[in-house]
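Descriptive structure summary
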Amino acid sequence: MSQNTPITLATWRTASVIATAFRTVPDFIPTARIAAAPAPSDLPEGPTADFAAFDVALAPDRHFDLPALLAATATDAFLVLQHGRIVHETYGNGLDAGTPHILMSMSKAVTGLVASLLAEAGTLDLEAPVSTLVPGIAETSWRGATLCHLLDMRAGAALDAATLAAYAAATGWEALPAGAPPADLARFFAGMAPAPGTHGGVFKYDSANTDLLGLALERATGKSYAELVSEHLWQPMGAVHDAFITVDGRGAARCSGGVCAIARDVARLGQLVLDGGRRGPRQVVPARVIDDLWTGGDAGAWRTGQFGASFGAMGLGTTRYRNGWYIVDGPPRLLFAMGIHGQNLFVVPDHGLVIVKLSSLVTPIDPPAITLAHRAVTEVARLLSP
């Protein structure tokens, strides 16, 4: 495909344009602006990390130094903070420090923090049924699901292949067939056929849960998702660049995966979590919200759930999922957000590290690349031990 050929919904995740598409999302999907801070926080540079000894093995005969690992995993940005200072920053595939990149399902971690902040403020009851805020789903398989079930991926909604296709169309990310009526998230959720759903069981990953949560947040507050993220998180944490969120035909956010942000602001978010929710003297996120990320989540629900076996095969140890974040008890101890096509934010508290890895992998879920990303974190932690 020629570089001058417009990127469309039908082509944006194909090999010839994916790297460009991931940094130009507002050109072909409607977005809403998440305003940056009037007074951004400082992100100072520290001594450059020495990664000459970096060595990660995927198999006994396949070793990677850092440049080879980044190339093998289609990395667009790799940024390492230690103790709040930039010690390594690399960009590739046309991305630069001032250009937002789509975060995919890392967006769920942003949504989880906003929901928790609203709950702490008394605006939201996470134990309330979502149908109290989105009445149209009262007769669907989300009936009886609470906001907490949505946050922790423990809702038992039943989505068959046809329903998943309708959901994909409703997000605004897929090209609709010629002559098809407009689709949007609210209409999709209200139009789901009644089906039994059992909630509070094992971990069952479904992005529709987070988009339904987004509708609930907007209706609880009377504000758009973009306004909520800016007001409660992006501006208070000192983001230096506007972010964006993709929206459907009626302006509802795809808060399960549509946030687009620069790598340095993603690192600021990680540093905020690492610092217990504080930005300098200001407590942006209540400490108990951050503590709950580290200690919450049901290990049994995870172990017997959808990703338990595959994460176990990667040697990640005890894992939990809480409010859009993954927790690994280590070693090393990790809190991370993850999205398809290779998006990662890692928080490694025992080493004072925040690591951002944004990518444009053609394969949405690439197990070897996921394994390499996690082994890279372990290797960075080894080389930058306190």
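So, a few notes on the structure that sits alongside this text. Computed from a predicted model, the values in this text were never measured in an experiment.

About the thresholds
- Residues numbered from 1 in each chain as written.
- Predicted model: local features only at pLDDT ≥ 70, side-chain atom pairs only at ≥ 80, totals over all residues.
- Heavy atoms only, no water.
- Core = buried A, V, L, I, M, F, W, Y, C linked by side-chain atoms within 4.5 Å.
- Buried < 20%, exposed > 50% of the residue type's maximum accessible area, 1.4 Å probe, protein only.
- Contact = heavy atoms within 4.5 Å.
- Pairing = 2+ DSSP bridges.
- Helix = DSSP H or I, 4+ residues; strand = E, 2+ residues; numbered from the N terminus.
- Axes fitted to C-alpha atoms, helices over the stretch in contact; angles between N-to-C directions.
- Polar contact = N/O pair within 3.5 Å; in protein donor to acceptor, adjacent residues only side chain to side chain.

What about the nonpolar core?
Residues Leu113, Trp142, Phe189, Leu233, Val285, Trp325 and Leu345 are the most contacted members of the largest nonpolar core, which totals 78 residues. Not counting residues within four places of it along the chain, the set of residues in contact with Leu233 comprises Val110, Leu113, Val114, Leu117, Leu228, Leu269, Leu272 and Val285. Counting residues in hydrophobic clusters, the runner-up holds 35 residues, among them Val80, Met314, Val348 and Val380.

A short note on the sheet that holds strand S1 (residues 31-34)
Spatially, the four strands line up as an open sheet ordered S1-S7-S8-S6, and their pairing is antiparallel. Because the sheet does not close on itself, it has two edges, and the strands there are S1 and strand S6 (101-102). Relative to strand S8 (residues 259-261), strand S7 (residues 243-246) runs antiparallel, the two sharing two bridges. Bridge assignment links Ile245 to a residue of S8, and that residue is Val259. Helix-sheet contacts for helix H8 (residues 225-234) involve S1, S7 and S8, and the interaxial angle to S1 is about 20°.

Some thoughts on the side chain of Arg268
Structurally, Arg268 is set in helix H9 (residues 263-274). Side chain to side chain, Arg268 and Asp265 meet in a polar contact 3.0 Å long. Non-local contacts of Arg268, meaning those with residues more than four positions away in its chain, are made with Ser41, Asp42, Leu43, Met237, Gly238, Ala239 and Val240.

Looking at the sheet that holds strand S4 (residues 75-82)
One open sheet accounts for seven strands, arranged S5-S4-S15-S14-S13-S12-S11; its pairing is antiparallel. A single partner strand is all that each edge strand has here, and the edge strands are strand S5 (85-91) and strand S11 (319-322). On average, each strand axis in the sheet is inclined to that of its neighbour by 15°, with strand direction left out of account. Sheet contacts for H9: S4, S5, strand S12 (325-328), strand S13 (334-339), strand S14 (343-348) and strand S15 (353-359); angle to S15, the most-contacted strand, approximately 145°. Across the sheet, helix H10 (residues 287-295) is in contact with S11, S12, S13 and S14; its angle to S11 comes to roughly 145°.

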